[in-house]
Amino acid sequence: YVFTRNLGLWDRGTDVMALQEFLISEASGPAAGKLKAHGATRVFGFLTYGSLVELQERAGITPASGYFGPKTRTWVNSH
């Protein structure tokens, strides 16, 4: 999947679900584990937010804000 838009809390769509599936596959911490247990939903909620913060911290993306903006999108698209 190639991400083309910024994503934040309460956004919805197939790209949100693709991001959730990516975060689950990366399983970078406890929030990702909770997201995995809950499953991908197409809604960018607090589980997605927490999982994204974990990924950003692990990847060295600053700030680790839980917002899926240009820096994080570029990193995810390259992996």
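The model shown is predicted, which means the values in this text are computed figures rather than measured ones.

1. Concerning helix α2 (residues 30-38)
Since one α-helical turn is 3.6 residues long, residues separated by three or four positions face the same way.
Then step 1. Buried within α2 are the following residues: Ala31, Ala32 and Leu35. Angularly, the buried residues of α2 cover 100 degrees about the axis, an arc narrow enough to put them on a single face. In this structure, α2 carries Pro30, Lys34, Lys36 and Ala37 as exposed residues pointing more than 90 degrees from its buried face.
Then step 2. Summarising the contacts, the buried residues of α2 are in contact with α1 (14-26) and α3 (46-59).
Then step 3. Positive phi shows up at Gly39, right after α2, with a value of about 95 degrees.

2. Overview of the packing of α1 against α2
Then step 1. Relative orientation of the contacting elements α1 and α2 amounts to 120 degrees, with a least axis distance of 9 Å. One finds that α1 runs oblique with respect to α2. In the packing of α1 onto α2, the handedness of the crossing is left-handed. Facing Gln20, Leu23 and Ile24 of α1, the residues of α2 in contact are Ala32, Leu35 and Lys36.
Then step 2. Considering only residue class, the contact of α1 with α2 consists of 4 nonpolar, 1 polar and 1 charged.

3. Section: a nonpolar patch on the surface
Then step 1. A cluster of nonpolar side chains, contributed by Leu9, Trp10, Phe46 and Tyr49, occupies part of the molecular surface with about 440 Å² of accessible area.
Then step 2. Judged by its relative accessible area of 36%, Leu9 falls in the partly exposed class.

4. Side note on the packing of aromatic side chains
Then step 1. Enumeration over the complete set of coordinates arrives at 3 aromatic pairs.
Then step 2. On the numbers, 5.1 Å between centres and 75 degrees between planes, the contact of Phe3 with Phe68 is edge-to-face. Placement of Phe3 in the segment before α1 and of Phe68 in the loop between α3 and α4 (70-77) is noted, with a sequence separation of 65 residues between them.
Then step 3. What makes Phe68 buried here is its relative accessible area of 0%.
Then step 4. Relative to Phe46, the ring of Trp10 has its centre 5.4 Å away and its plane inclined at 85 degrees; by these criteria the two rings are edge-to-face. Of the two residues, Trp10 is situated in the segment before α1 and Phe46 in helix α3; the sequence distance between them amounts to 36 residues.

5. Digging into the side chain of Gln20
Then step 1. Looking at the secondary structure, you find Gln20 in helix α1.
Then step 2. Among all residues touching Gln20, those that are not within four sequence positions of it are Leu35, Ala40, Thr41, Arg42, Val43 and Thr48.

Rules used in this analysis
- Residues numbered from 1 in each chain as written.
- Predicted model: local features only at pLDDT ≥ 70, side-chain atom pairs only at ≥ 80, totals over all residues.
- Heavy atoms only, no water.
- Buried < 20%, exposed > 50% of the residue type's maximum accessible area, 1.4 Å probe, protein only.
- Helix = DSSP H or I, 4+ residues; strand = E, 2+ residues; numbered from the N terminus.
- Arc of directions from axis to C-beta.
- Contact = heavy atoms within 4.5 Å.
- Axes fitted to C-alpha atoms, helices over the stretch in contact; angles between N-to-C directions.
- Parallel < 35°, antiparallel > 145°, perpendicular 65-115°, else oblique.
- Left-handed = near helix turned anticlockwise from the far one by under 90°.
- Nonpolar A, V, L, I, M, F, W, Y, C, P; charged D, E, K, R; others polar.
- Patch = residues over 30% accessible without salt bridge, like charges linked within 9 Å, V, L, I, M, F, W, Y side chains within 5 Å.
- Areas by Shrake-Rupley, 256 points an atom, 1.4 Å probe, with all protein chains shown as cover.
- Salt bridge = Lys/Arg side-chain N within 4 Å of Asp/Glu carboxyl O.
- Phe/Tyr/Trp six-rings, centres within 6.5 Å; stacked < 30°, edge-to-face > 60°.

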